[in-house]
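Below are the chains, spelled out letter by letter.
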Amino acid sequence: MPTAEDGQQNTGRPMPLNPGRSRNMQANRRVDSKPEVRLRSALHARGYRFRKDHRLDLDGVRVRPDIVFTKRRVAVFVDGCFWHVCPVHGREPTRNEWYWTPKLRRNIERDRRADTALTSAGWTVVRVWEHETPEEALAAVLRAVGHGTKVWGATDTSG
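Along each chain, residues carry numbers from 1 onward, in the same order as the chain's sequence is written. This being a predicted model, a pLDDT of at least 70 is required before a residue's local features are given, and a value of 80 or more before pairs of side-chain atoms are given or counted; all residues contribute to the totals for chains, interfaces and linings. Hydrogens and water molecules were not included; the side-chain quantities draw on all heavy atoms of the structure.

Enquirer: So what about the overall build of the protein? Which residues, and what values?
Expert: When helices and strands are counted, the protein shows four helices and six strands. What you see in the protein, going N to C, is helices and strands ordered as α-α-β-β-β-β-β-α-β-α. Sequence separation of at least 24 residues holds for 55% of the intrachain contacts in the protein that already meet a minimum separation of 6. Accessible area for the protein stands at about 10200 Å²; split by element, carbon and sulfur atoms hold 49% of it. Secondary structure elements follow DSSP: runs of H or I no shorter than four residues count as helices, runs of E no shorter than two count as strands, and numbering proceeds from the N terminus. When checking whether two residues touch, look at their non-hydrogen atoms; a contact exists if any pair is within 4.5 Å. With residues, only the protein chains shown are counted as cover, and all accessible areas are computed by Shrake-Rupley using a 1.4 Å probe.

Below, the structure is given as structure tokens:
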């Protein structure tokens, strides 16, 4: 394990490259990321109601999807390209790879465990990447919820 003399903290986490990088990393949010908020806003504007960041306990696995349609049993995750190693934008870290590579691998493994637990319990899992357009993300969620691309009108209260 690297030590403080190697430029690392004793906590096992890498030292920030500079104060700007530190602020950047601290600004990353677990909930309410911009892509997630855009998707929730689009769903809400179309009359959909859901739970956000709702914890589900499934056979010993805790899962916390970003958006949950409890009645329809649809769990939606808005995955960040860096944190979940997007096949388009994800890349191997070049700095502090001893820390980041295992961390990102654990994120992927946790995602797979969550998907397996949810599908085994009868849930539909939707994963959208942060780089997807709001329209693409919305279409994927609407397909899973079972309404296609239907937009609810003022007289339509089905759901």
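Next comes the rest of the description.
Enquirer: Please set out the packing of aromatic side chains residue by residue, giving values where relevant.
Expert: A pair of Phe, Tyr and Trp rings is counted when the ring centres sit within 6.5 Å of each other, with Trp represented by its six-membered ring. The angle between the planes then sorts it: under 30 degrees is stacked, over 60 is edge-to-face, the rest tilted. Throughout the structure, instances matching the rule amount to seven aromatic pairs. Their ring planes at 90° and their centres at 6.3 Å tell us that Tyr 48 and Phe 69 sit as a pair that is edge-to-face. With Tyr 48 in the loop between helix H2 (34-45) and strand S1 (51-52) and Phe 69 in strand S4 (residues 67-69), the pair connects residues that are 21 residues apart, well separated along the chain. Only protein chains enter the calculation, and the probe is 1.4 Å; a residue is then buried if its accessible area is under 20% of its type maximum, exposed if over 50%, and partly exposed in between. Residue class for Tyr 48 comes out buried when judged on its relative accessible area of 1%. The exposure class of Phe 69 is buried, given its relative accessible area of 4%. Relative to Trp 100, the ring of Tyr 99 has its centre 5.0 Å away and its plane inclined at 85°; by these criteria the two rings are edge-to-face. Take Tyr 99: its relative accessible area is 18%, and that puts it in the buried class.

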